[in-house]
Amino acid sequence: MEDAKATRSNFIWDIVQADLAAGRCEKVHTRLPPEPNGWLHIGHAKNIYVNAGTAKRFSGLCNLRIDDTNPAKEEQEFVDGIKGDIQWLGYQWDGGLFFGSSYFDQCYELAEKLILDGLAYVEDLSQEEMRQYRGTLTEPGRNSPFRNRSAEENMDLFRRMRAGEFPNGARVLRAKIDMASPNINMRDPTLYRILHMPHHQTGDKWCIYPMYDFAHPIQDAIEGITHSMCSLEYEAHRPLYNWVVEVCGFPNHPRQIEYARLNLTRTVMSKRYLRKLVEEGHVSGWDDPRMPTLAGMRRRGYKPEGILDFIERAGVAKADSVVELALLEHCVRENLGEIAPRAMAVLRPLRVTIVNWPEGETDAITLENHPNHPEMGTHTIRFGRHLCIEQEDFMENPVGKFFRLKPGGEVRLKGAYIIRCEECVKDALGNVAEVRCTADLSSRSGSEGADRKVKGTLHWVNAEDAAPFEARLYEPLLNDEDAIAEEVEGEEAVPDRKDFIARLNPRSVEVLTGCLAEHCLLSAKDGDVFQFLRMGYFCKDRDGFAFNRTVELKDSFKKASR
RNA sequence: UGGGGAAUGGUGUAACGGCAGCACCUACGACUCUGACUCGUAUUGUCUAGGUUCAAAUCCUAGUUCCCCAGCCA
């Protein structure tokens, strides 16, 4: 029996299951049609899960089809990124890799066929005139004066369009359907437009390019796709999709199924704005850890397993929804908690001197790499007279239930000794610069005197072994909802302002300065991610350390201090 | 106001005429060599109004709200 997670169903699977049962298709074949105009983001992960995942679920195949029908918006550089991200997520295009542009010949031939069949015509009206003839949501459109050209004339004009005789926008090829249709998408939609622009795959071969509505169903049908999953906004295009498959005479009929795209709280998902963030330099690139891209999340230390678990738990349905970021964080944390080796690091160091510990003498402390997985081994660090602890782990004037270090109080240093704070030394500004403590030498972890309980336990680093590291500063683009509201209010003249402001999770980014024990740096070579005890975790990427604080201190002392 | 969709706790998602379940969030408690993790407990829900039925989230009628469509974008 499969476990509950694996059997979690959704309405798409029900449809596919029914199609299979009714014999409407023999083997499930889906496709992934990303447009190469940016890097994949967490929303695409859902698309991958839905399409490639459905194929996997029913032992079918999934194609990767680079959807590059519009040369104006697409760039070669994104293709490799897309492929890499899909593989990183753990999916393959076992059905093959295709390019929408490789069907240009077939699209063109079918367009000629439609002309011959009297189902398409060349339009001379300008864009503006076409808009007027189209009617409105409540009024029917009017037939174009060019609607009843002969097949011969249409063919001649269309071939001349292809030959490059006309400038951009001079003419288009339209489907002849119904200008009075209540569905505006059926009011003689455009099939082909003139675009004198080289294509990153086909070069200068074409100066006319098919529209999505024409190309997509053709591509699906040619590839033998059985189920074509896309987002809700294509629902009204489904009649057109079916019309194209029908009139082109394909024996097989792919089925388009729409589902609600993924929305996340506090997260900008529109590729247009993500692109703007990159192009205007608000972030370092598509893989900036603040970006909701798969590349950004990868750099943050997220693992595909956590992301996929999130997608699955968020579910697939037809209702528009906004999933809380907390669910993503939970899934990622759960995944990382299981696999990440533990390490101690201090981000904002506060010097601690153990006054009864001899200068120059050290004690080797062995710590497990994972509390639940002894097979992950141990690592050894040194305890000495000079240590660093977290600034926030000491309070000169403690409030409420503050279990950590305070004057006269005791805490255990993880894996080592219980220490007592004797006094704190301040700098010229009155800030605590150093805490002087005594260690209970009989309380060493593992020794006989170790069972004495103290309320707090702190992580620490031996100052001498600490390797200062320079972290990249990933400040949140915006701190909180109030700030967003304020900015939006003040910038009303810019309509896009609200969307443009990246509502990226402020908790995912932390400015840090501090030090790492040397062993951490060494261990980091083996695995990217460390569970960082109470704090969350941090990851190492090619540029250095990025700290991701996903676990907030939600303790009662925090409340008391308000 | 045309057409196409969707409405279930704070959030997301199940239940396809038969006990409204699960997860996240939140709160409280237990545990703990960090207050994390883990474990336990709890609050909160079927858009509205009628109707059919022994029985309605589910079927019917009317209404309400939200989303998408008037690109030579996808």
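As the structure is a computational prediction, the values presented were derived from the model and not from experiment.

K.L.:
Would you mind going over the overall build of chain A with me for this structure?
P.N.:
When you go through chain A residue by residue, the secondary structure sums to 17 helices and 24 strands. Considering chain A as a whole, with its 562 residues, one finds that 51% of them fall into the buried category. Taking the intrachain contacts of chain A between residues at least 6 apart in sequence as the baseline, contacts between residues at least 24 apart amount to 72%. Taken as a whole, chain A presents about 25500 Å² of accessible surface, with 49% of it coming from carbon and sulfur.

K.L.:
Please clarify how the pattern of salt bridges should be interpreted in this entry.
P.N.:
Pairs can form between side chains of opposite charge once their charged atoms are near each other. Enumeration according to the criterion identifies 35 salt bridges in this entry. A salt bridge links E112 to R159; the shortest N-O distance between them is 2.9 Å. Here the residue E112 occupies a position in helix 5 (residues 104-116), and R159 occupies one in helix 7 (residues 151-163), the gap between them amounting to 47 residues. Owing to a relative accessible area of 14%, E112 belongs among the buried residues under this scheme.

K.L.:
So what exactly am I meant to see when it comes to the pairing of strand 16 (residues 418-426) here?
P.N.:
Where strand 15 (residues 410-413) and strand 16 come together, 3 bridges link them in antiparallel fashion. Pairing of E410 across the sheet is with R420, part of strand 16. Taken together, strand 15 and the strand that follows it, strand 16, pair antiparallel across an intervening segment of 4 residues, in which G415 is found at a positive phi of about 80°. Across 8 bridges, the pairing between strand 16 and strand 17 (residues 432-440) is antiparallel. Bridge pairing in strand 17 places I419 opposite A439. If you look at the hairpin formed by strand 16 and strand 17, you'll find 5 residues sitting between the two strands, and G430 has a positive phi there, around 90°.

K.L.:
Mind showing me how you'd approach the packing of helix 5 against helix 9 (residues 238-248) here?
P.N.:
Angle between the axes and distance between the axes: these two values describe a pair of packed helices. In the contact formed by helix 5 and helix 9, the axes pass within 10 Å of each other and the chain directions differ by 80°. For the element pair helix 5 / helix 9, the angle class is roughly perpendicular. Of helix 9, the residues touching helix 5 (which contributes L110, K113 and L114) are W243, V247 and C248. The residue makeup of the contact of helix 5 with helix 9, split by class, is 5 nonpolar, no polar and 1 charged.

K.L.:
Explanation requested: the packing of helix 5 against helix 7 in the structure shown.
P.N.:
With their axes 9 Å apart at the nearest point, helix 5 and helix 7 run at an angle of 160° to one another. The orientation of helix 5 with respect to helix 7, classified from their angle, is roughly antiparallel. Here the hand of the crossing between helix 5 and helix 7 comes out right-handed. Of helix 7, the residues touching helix 5 (which contributes D105, Y108, A111, E112, I115 and L116) are A151, N154, M155, F158, R159 and R162.

K.L.:
I tried to follow the sheet that holds strand 2 (residues 61-66) on my own but got confused; where do I start?
P.N.:
Within the open sheet, the 3 strands sit side by side as 1-2-3. Their pairing is parallel. Each end of this open sheet is capped by a strand with a single partner; those strands are strand 1 (29-32) and strand 3 (96-99). The average undirected angle you get between the axes of adjacent strands in this sheet is 30°. As paired elements, strand 1 and strand 2 share 4 bridges and run parallel to each other. Along strand 2, the bridge assignment pairs R31 with N63. In this fold helix 4 (residues 77-89) packs onto strand 1, strand 2 and strand 3, with an angle of close to 160° to the strand it touches most, strand 2.

K.L.:
How should the sheet that holds strand 6 (residues 190-194) be read in this particular structure?
P.N.:
As a general point, the strands of a sheet are linked pairwise by backbone hydrogen bonds and lie either parallel or antiparallel. Across the sheet, 4 strands lie side by side as 4-5-6-7; this open sheet has antiparallel pairing. Either end of the sheet is taken by a strand with one partner, and the two such strands are strand 4 (120-123) and strand 7 (208-210). Strand after strand, the sheet turns through a mean of 20° between neighbouring axes, direction not considered. Judged from the 3 bridges that link them, strand 5 (residues 172-175) and strand 6 form a sheet pairing that is antiparallel. Within strand 6, the position partnered with L173 by the bridge is Y192.

K.L.:
I tried to follow the confidence of the model for chain A on my own but got confused; where do I start?
P.N.:
In this model, chain A carries an average pLDDT of 82, and 81% of its residues clear a pLDDT of 70 or more. This model gives residues 1-7 a pLDDT under 50, and the stretch forms 4 contacts once residues within four places in sequence are excluded. When the criterion is pLDDT under 50, residues 469-562 qualifies, and its contacts beyond four places in sequence or with other chains add up to 230 contacts. Confidence metrics for the complex model read pTM 0.86 and ipTM 0.96.

K.L.:
Looking at this model, I keep getting lost on the nonpolar core. Mind explaining?
P.N.:
Note on soluble globular proteins: their nonpolar side chains tend to be buried together. Within the largest apolar cluster, 44 residues are counted, with the highest numbers of intra-cluster contacts made by I12, I42, I86, I307 and F310. Of the residues forming this core, the biggest block, 7 residues, is contributed by helix 3 (residues 42-57). Excluding residues that lie within four positions of it along the chain, I86 makes contacts with L32, L40, I48, L64, Y91 and W93. By size, the runner-up hydrophobic cluster in this structure holds 34 residues, among which are Y103, L173, W206 and C207.

K.L.:
What am I meant to see in the packing of aromatic side chains here?
P.N.:
Two descriptors summarise a pair of aromatic rings, namely the distance from one centre to the other and the angle between the planes of the rings. Under the counting rule described, the total for this entry stands at 13 aromatic pairs. Measuring from centroid to centroid gives 5.7 Å for F78 and W286, while their planes differ by 80°, and the two rings are edge-to-face. With a gap of 208 residues between them, F78 in helix 4 and W286 in the loop between helix 10 (271-279) and helix 11 (294-300) connect regions that are remote in the sequence. Ring centres 5.6 Å apart and planes at 70° place the aromatic pair F104 and Y209 in the edge-to-face group.

K.L.:
What is the right way to read the environment of Y234 from this model?
P.N.:
Along the chain, the position of Y234 falls in the loop between strand 8 (227-231) and helix 9. Spatially, the C-alpha atom of Y234 lies 9.5 Å from that of Y259, the residues being 25 residues apart in sequence. Those residues in contact with Y234, other than ones at most four positions away along the chain, are Y212, Q256 and E258.

K.L.:
Explain the layout of surface pockets here, please?
P.N.:
Over the atoms rolls a probe the size of a water molecule, and its path tells where empty space is left. There is about 1400 Å³ of room inside the largest pocket. In terms of lining residues, the largest pocket is bounded by 50 residues, among which E35, D67, K73, Y212 and Y234 are the most central. Elements with a minimum of two residues in the lining of the largest pocket: helix 3, helix 6 (127-133), strand 6, helix 8 (212-222) and strand 8. Sort the elements by how many residues they give to the lining of the largest pocket and helix 3 lands first, with 4 residues. For the lining of the largest pocket, the per-class residue count stands at 19 nonpolar, 16 polar and 15 charged. The volume enclosed by the second largest pocket comes to roughly 210 Å³. As for the second largest pocket, its lining consists of 10 residues, and the residues nearest its centre are W13, Y49, K56, Y91 and E312. For the lining of the second largest pocket, the element with the most residues is helix 3, which contributes 4 residues.

Rules of the game
Residue positions are given per chain, counting from 1 as you read along its sequence in written order. Think of it this way: whatever chain is written first is A, whatever ligand is written first is 1, and the rest follow in order. Whole-chain, interface and lining totals are the exception, using all residues; otherwise, since this is a predicted model, local features are given only for residues with pLDDT of at least 70 and side-chain atom pairs are given and counted only at 80 or more. Heavy atoms throughout the structure, all of them, feed into the side-chain values; hydrogens and water do not. A run of H or I in DSSP becomes a helix once it reaches four residues, and a run of E becomes a strand once it reaches two; helices and strands are each numbered from the N terminus. Throughout this description, buried means an accessible area under 20% of the type-specific maximum (1.4 Å probe, protein chains only), exposed means over 50%, and partly exposed covers the range between. Two residues form a contact once any of their heavy atoms are found within 4.5 Å. In these tables, accessible area is a Shrake-Rupley quantity obtained with a 1.4 Å probe, and a residue counts as shielded only by the protein chains included in the view. The salt bridge definition used is simple: a Lys or Arg side-chain nitrogen within 4 Å of an Asp or Glu carboxyl oxygen. Being paired, for any two strands, means DSSP has found at least two bridges between them. Here, axes are lines fitted to C-alpha atoms. For helices the fit covers the stretch in contact, and angles between N-to-C directions go from 0 to 180 degrees. For classification, angles of less than 35 degrees are called roughly parallel, those exceeding 145 degrees roughly antiparallel, those between 65 and 115 degrees roughly perpendicular, and all remaining angles oblique. Charged residues are taken to be Asp, Glu, Lys and Arg, nonpolar residues to be Ala, Val, Leu, Ile, Met, Phe, Trp, Tyr, Cys and Pro, and polar residues to be all remaining types, Gly included. Working rule for handedness: look at the near helix, and if it is turned counterclockwise from the far one by less than a right angle, call the crossing left-handed; if clockwise, right-handed. Known as pLDDT, the predictor's confidence for each residue is given on a scale from 0 to 100. What makes a nonpolar core is a set of buried Ala, Val, Leu, Ile, Met, Phe, Trp, Tyr and Cys residues whose side-chain atoms join them at distances within 4.5 Å. A pair of Phe, Tyr and Trp rings is counted when the ring centres sit within 6.5 Å of each other, with Trp represented by its six-membered ring. The angle between the planes then sorts it: under 30 degrees is stacked, over 60 is edge-to-face, the rest tilted. Buriedness of a pocket was judged along seven lines, with at least five required to meet protein on both sides within 12 Å; pockets are open sets of points on a 1 Å grid over the protein atoms alone, cavities are sets where a 1.4 Å probe fits but cannot get out, and lining residues have an atom within 4 Å of a point. Grid points are joined across faces, edges and corners, and a volume is the space filled by probe spheres set on the points.

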